[in-house]
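Residue-level listing of the chains:
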Amino acid sequence: MLRLKTAAAALLVIAVAAPGCSRNRDVPVELAPSRMTTIGVNAYLWRAALDTISFAPLLQADANTGVIITDWYSNPNLPTERVKVTVAILDQDLRADALRVTASRQVNQGGAWVNAPVSAATVQKLEDIILTRARDLRRTTVRGKAEHMTGRFDPAVADIRWQARWDEAQSFVADTASPKPKTYVLEMFPYPSGRIHMGHVRNYTMGDVLARFRRMQGREVLHPMGWDAFGMPAENAAMERGVHPGAWTRSNIDTMRGQLKRLGFALDWSRELATCEPDYYGHEQALFLDLFEAGLVYRKESEVNWDPVDMTVLANEQVIDGKGWRSGAPVERRRLSQWFLKITDFADELLDGLGELENWPDKVKLMQENWIGKSRGLQFRFRLAEAADGIDKIEVYTTRPDTIFGASFVAIAPTHPIAEAITARDPKAAEFIAECKRGGTSAAEIETAEKKGFLTPIEAIHPLDSNWRLPVYIANFVLMEYGTGAIFGVPAHDQRDFEFASKYRLPIKRVVAANAEEAGQPIVGEAESMDGIAVNSEFLDGLTTEQATAEIIRRAEAGGWGEGKTAFRLRDWGVSRQRYWGTPIPIIHCGKCGAVPVPRDQLPIVLPEDVSFDRPGNPLDRHDAWRNVSCPSCGGLARRETDTLDTFVDSSWYFIRFASEPADKPFDRGEAEQWLPVDQYIGGVEHAILHLLYARFWTRALNRIGRIGMSEPFKGLFTQGMVTHETYRAGDGSWLSPDEVRRDGDDWTHIESGAPVTLGRVEKMSKSKRNTIDPEPIIARYGADAVRWFMLSDSPPERDLEWSEGGIEGAARFVQRVWRLASSDAVSEGSDEALERKLHRAIAAVTEALDGLQFNKAVAQLYELTSAIEKAKPSAMRSKAIRILVQLAAPAAPHLSEEAWAALGETGMIVDAPWPQFDPALLVEDEVTLAIQVNGKLRDTLNAPRGLDRGAAEALALASEKVQRLLDGNAPRKVIVVPDRLVNIVA
RNA sequence: GCCCCUGUGGCGGAAUGGUAGACGCGCUCGACUCAAAAUCGAGUUCCUAACCGGAGUGUCCGUUCGAGUCGGACCAGGGGCACCA
């Protein structure tokens, strides 16, 4: 086999072996973007000259044709000149007459490269040197190493090289002034947790493929990246390791930025932002004040998880089995005064707006719909038998007023004003309420807790029967946040009420049944919550649930004891967090003036740097110099708000800031509207509700106060699946990581101890299960394109993707297959009609798949096209097909495609090449295969010309020997013909 | 507890109500090689030695000439639940 790469290496040695270069073996790969353009490429040339192995992919060469084409390069000592050389080696023996060298030379004149002559003597000299050096290397090269180099695409160098070229050309900088139609592609920005994980790789690969695809389709694409940089993990790191959250976060950002760049994403890094920097959160503070002035921000009491030992507020995730994660102490619910955003003002429009979102998954729209939870019901009052503390009625809300005759109790929330009034005199009630406050605030915790109640001395009077008295309980499953904080219980038709009534031996009376005959049947086992007809309900008897509901509302309104009302499950958004590492809330509390907004000219309110995390609680509370200020209104002593904003506020407008980043305001409306709304937003389904709802709300709020002229921020949404991996457990039940285990046939063993390992389920990659795969070594080993390719292969993007060694190897193999095709293409004549049809079908199918984000289908199509090209004989069409294959693969495997594009002799970079077009006339075949069924079962297939009429198709099918045999002489009862597809004979 | 999603070969998955298993992984056999790797070719749902044939898309029932696809009930697995991001 030829040692083409070594021959070419010699060429480079003569070109760049300048003094001072050869000592610098470890040229840093990661350079500042501005320096990368010039230094990065040259650094690689030097390195390549010193190491023939890693040098190899700098060239495009092929073992069959023996053509080497070097790229343009400059001698670092003579940067105004550059040289490009083509070497054709015509046989393996490296005879002198079997080598043909052509060289091009250009000189830089006033910034433009201009062709310059190359003398015949220079070419002859190059030939001699290449030949001598190549023969020499061929004799001495270690076999294995040489094999490694032969004709293979080596991503280790190619990746960096093309990344530098894109950077140099500013290929992905979005130009707002461009006349081209604009597309905004956005992936949910990452939290800088430390290192990129496979989930990020998958997410950003999908977005990148789309961005590159749209770009090739001729659109001006905005594809930015930034950092959701505030949050708890930074404070945890501060507590555990004593690092400042800012230092920790910024160092993580640096690491992760480098990792993202290594994957070659087509990102506009000039717009990079981090939410933890004052030049971002300062603008956020201004927006907060805008909303405050518009009356969309208010303060009220709300419950938090409180750790009584650490004396700190806990997030839901820090509550494990009702206990604080650090202290292990049982968690209590405690009330704090907090800031809220009036998202409920927008409940109706957030719900209605879902209807316009055609390019959102139905699943997500449904989840948001349920979250908003609009319901039509009856709000009414129970009069109390005896008024106490000036309270003589309980207001309740129900969505099932038709069950009012099935009521057997009234229950109020532990924080209801009546409950609090009772608690004041009854120590037992106080004890019960204290008990209710144990445990976390999450819905799952509250609702799975045992239903408990405290019987109060109060009695409620049934609104339709003044002799009917209902007991009033304080109950742990009633929430003050929803409805009126009080309910009436209908045990027969609500499961929670049923459990409660069973426990406290309250009547369970059926008032809804499937039909009148079932009226007398008892309710057993569990509540029957379905609709039906009313029974045992006096004047409602016989009415459907819907009719009965309308009738009760009518009577309530006529009688003045209640009214029909629309209620929402959606609660206002509590944005106060008792933490340091977040956006400071720009409010000053004054004893005289109350909560006063910070004057605009004092923004940003910057977080103090000199804080410590050696004690629990919010360091801002202890930082007197920062906290104590004078009141902007009266000038008196006042203190800053020490709570910071929920990080969801940060992520509610970053997509606007990406589109427009002026220094003096959050964004420029006109500029932002050039890009927004986001055409395609891609992220994890775990954000389906909160983040997406908050961002929609924030956008609508800005719209309402006249800051931006749009109401929906994300036109298209795609939620991608997780990356999963097998799990492994040692004998003692502890988790083992994939590199601690080895496969022996069907069994797994622990490498270190040799002990058997149990193969667990395939689960989401997580630190706790130790089944994570760090992308970085994988990229180093297989290259960015193979990793990107694997992320798109096999699994549909919305589904989970299981990481496997085989999968990544398959992807790497494909990269080499495309490379072999491209690097071995030789000029050929002639047509190939079958390949042409295949090609046009592939273009159509890949285009359609990418438009629909069905990356796995695009991948499968490209595999098919590759196989077809490999099997085709050389022809002009085959050469064309190879070029189109490379174009079609470019969004997914950009480095390979650039390298292949250059090897094919195409000019310019493939990122600037147009997307291939197809001819619809070539998509249809002249001959079709008809499926022949008898009684719906496939019995035969027949080839027939396209467009055969029904009669002819029927005749053809009946003539089939297999059909004849099955019909056994009988006439068919019926024949169904689907033109060009199938004939079904009903015997 | 409430809400949502998913279920097809050994594995990931494909299939406008119309030939189930495209494409990839794995495996088997063959070619090339001193050998290995790489590469190339053939095969690979199950049952049946093979043919013929039969069965088959979590389970059961239904709609239809025809169901992986539509409807109903069930089973199993996964995700979300307001202070994780």
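Here the structure is a predicted model, which means the values were calculated and not measured. Position labels on residues start from 1 in each chain and follow its written sequence. Going through the entries in the order they are written, you letter the chains from A and number the ligands from 1. With the structure being a predicted model, the display of local features is reserved for residues of pLDDT at least 70 and the display and counting of side-chain atom pairs for 80 or more, all residues being used for whole-chain, interface and lining totals. Only hydrogens and water are set aside when side-chain values are computed; all heavy atoms of the structure are taken into account.

A. Quick peek at the sheet that holds strand 12 (residues 312-314). On the basis of which strands lie adjacent, the open sheet formed by four strands has the order 12-11-15-25 and antiparallel pairing. A single partner strand is all that each edge strand has here, and the edge strands are strand 12 and strand 25 (573-574). The pairing of strand 11 (residues 297-307) with strand 12 spans three bridges and is classified as antiparallel. Its bridge partner being in strand 12, Trp306 is matched across the sheet by Val313. Only when DSSP finds a minimum of two bridges between them are two strands counted as paired. Numbering of helices and strands runs from the N terminus; a helix is a DSSP stretch of H or I covering at least four residues, while a strand is a stretch of E covering at least two.

B. Expanded view of the confidence of the model for chain A. Note: pLDDT gives the predictor's confidence per residue, expressed from 0 to 100. Across chain A, pLDDT averages 80, with 85% of residues at or above 70. Scored below 50 in pLDDT, residues 132-150 makes 26 contacts in the model with residues more than four places away or belonging to other chains. Across the interface, the model reports ipTM at 0.90; the global pTM reads 0.81. It only takes one pair of heavy atoms within 4.5 Å for two residues to be counted as in contact.

C. Highlighting the protein's contact with RNA strand B. A cutoff of 4 Å decides nearness: a residue is near a molecule or strand if any of its heavy atoms lies inside that distance of it. Inspection of the region around RNA strand B gives 65 residues, with Asp228, Asn316, Arg761, Lys857 and Asn984 positioned closest. Considering the 4 Å shell around the protein, atoms of RNA strand B inside it are sugar or phosphate in 64% of instances. Asn856 is positioned with one of its side-chain polar atoms (N or O) 3.4 Å from a phosphate oxygen of RNA strand B. Element by element, the count of residues in the surface near RNA strand B is highest for helix 28 (residues 855-871), at six residues. Throughout this entry, Asp, Glu, Lys and Arg are counted as charged residues, while Ala, Val, Leu, Ile, Met, Phe, Trp, Tyr, Cys and Pro are counted as nonpolar. The remaining residues, Gly among them, count as polar. Along the lines of polarity and charge, the residues of the surface near RNA strand B split into 23 nonpolar, 19 polar and 23 charged. The definition of a polar contact used here is a pair of N or O atoms within 3.5 Å, where within protein one atom must be able to donate a hydrogen and the other to accept one, and adjacent residues in sequence count solely through side-chain atom pairs.

D. View of the pattern of salt bridges. Whenever Lys or Arg places a side-chain nitrogen within 4 Å of a carboxyl oxygen from Asp or Glu, that contact is recorded as a salt bridge. All chains considered together, the criterion is met by 40 salt bridges. A salt bridge links Asp362 to Lys365; the nearest nitrogen and oxygen atoms lie 3.9 Å apart. Here Asp362 pairs with Lys365, and both are found in helix 12 (residues 362-372), just three residues apart, close to one helical turn. Exposure remark for Asp362: the relative accessible area of 61% places this residue in the exposed category. Each of Asp345, Glu349, Arg696, Arg700, Arg704 and Glu712 takes part in a single network of salt bridges with overlapping partners. Only protein chains enter the area calculation, which uses a 1.4 Å probe; residues under 20% of their type maximum are buried, those over 50% are exposed, and those in between are partly exposed.

E. Broad picture of the pairing of strand 33 (residues 717-720). Because side chains alternate across strand 33, one face comprises the buried residues Leu717 and Thr719, and the other comprises Phe718 and Gln720, equally buried. Sheet analysis places strand 32 (residues 680-684) next to strand 33, joined by four bridges and oriented parallel. Directly across from Gly684, in strand 33, lies its bridge partner Gln720. Crossover handedness is defined by viewing with both strands directed away from the observer: a clockwise path from the first strand over the helix to the second marks the crossover as right-handed. With respect to chirality, the unit in which strand 32 leads through helix 23 (residues 690-704) into the neighbouring parallel strand 33 is right-handed.

F. Spatial organisation of the side chain of Arg788. By the secondary structure assignment, Arg788 is in helix 25 (residues 784-792). Polar contacts involving the side chain of Arg788 include one to the main-chain carbonyl oxygen of Leu263, which spans 3.0 Å.

G. The sheet that holds strand 7 (residues 182-187), seen in detail. Sheet architecture is open: four strands sit in the order 8-7-32-33, paired in parallel fashion. The open sheet is flanked by strand 8 (220-222) and strand 33, the only strands paired with a single partner. With direction set aside, neighbouring strand axes in the sheet form an average angle of 20°. Lines fitted to C-alpha atoms define the axes here, with helix axes fitted over just the stretch in contact, and angles between the N-to-C directions of these axes take values from 0 to 180 degrees. Of the strands in this sheet, strand 7, strand 8, strand 32 and strand 33 are in contact with helix 7 (residues 198-216), which crosses strand 7 at around 175°.

H. Focus on the packing of aromatic side chains. Under the pairing criterion, centres of Phe, Tyr and Trp rings, with the six-membered ring standing for Trp, must be within 6.5 Å; the plane angle then separates stacked pairs below 30 degrees from edge-to-face pairs above 60, leaving the rest tilted. A complete count under the given rule lists 37 aromatic pairs for this structure. Between Phe230 and Trp581, the ring centres sit 4.9 Å apart and the planes meet at 80°, which makes this aromatic pair edge-to-face. Of this pair, Phe230 sits in the loop between strand 9 (224-227) and helix 8 (232-241) while Trp581 sits in the loop between strand 26 (576-577) and strand 27 (587-590); the two residues are 351 residues apart in sequence, bridging distant segments of the chain. Residue Phe230 is classed as buried on the basis of its relative accessible area of 2%. Look at Phe500 and Tyr504: their rings are 4.8 Å apart centre to centre, the planes differ by 50°, and that puts the pair in the tilted class. Of this pair, Phe500 and Tyr504 both sit in helix 16 (residues 495-504), four residues apart, roughly one helical turn. By relative accessible area, Phe500 is classed as buried at 0%. Taking relative accessible area as the criterion, Tyr504 reaches 25% and is therefore assigned partly exposed.

I. Expanded view of the environment of Ala329. With respect to the helices, strands and loops of the structure, Ala329 is situated in the loop between strand 14 (323-324) and strand 15 (332-341). Placed 609 residues apart in sequence, Ala329 and Leu938 show a C-alpha to C-alpha distance of 67 Å. Each residue touching Ala329, except ones within four places of it in the same chain, is listed here: Asp307, Pro308, Val309, Gly322, Lys323 and Gly324.

J. Quick peek at the environment of Ala492. Assignment of secondary structure puts Ala492 in the loop between strand 21 (486-489) and helix 16. By relative accessible area, Ala492 is classed as buried at 0%. Put simply, Ala492 and Glu220 are 272 residues apart on the chain and 61 Å apart in space, counted from C-alpha to C-alpha. For Ala492, the contacting residues outside a window of four places in its chain are Ile508, Lys509, Arg510, Ile523, Ala527 and Glu528.

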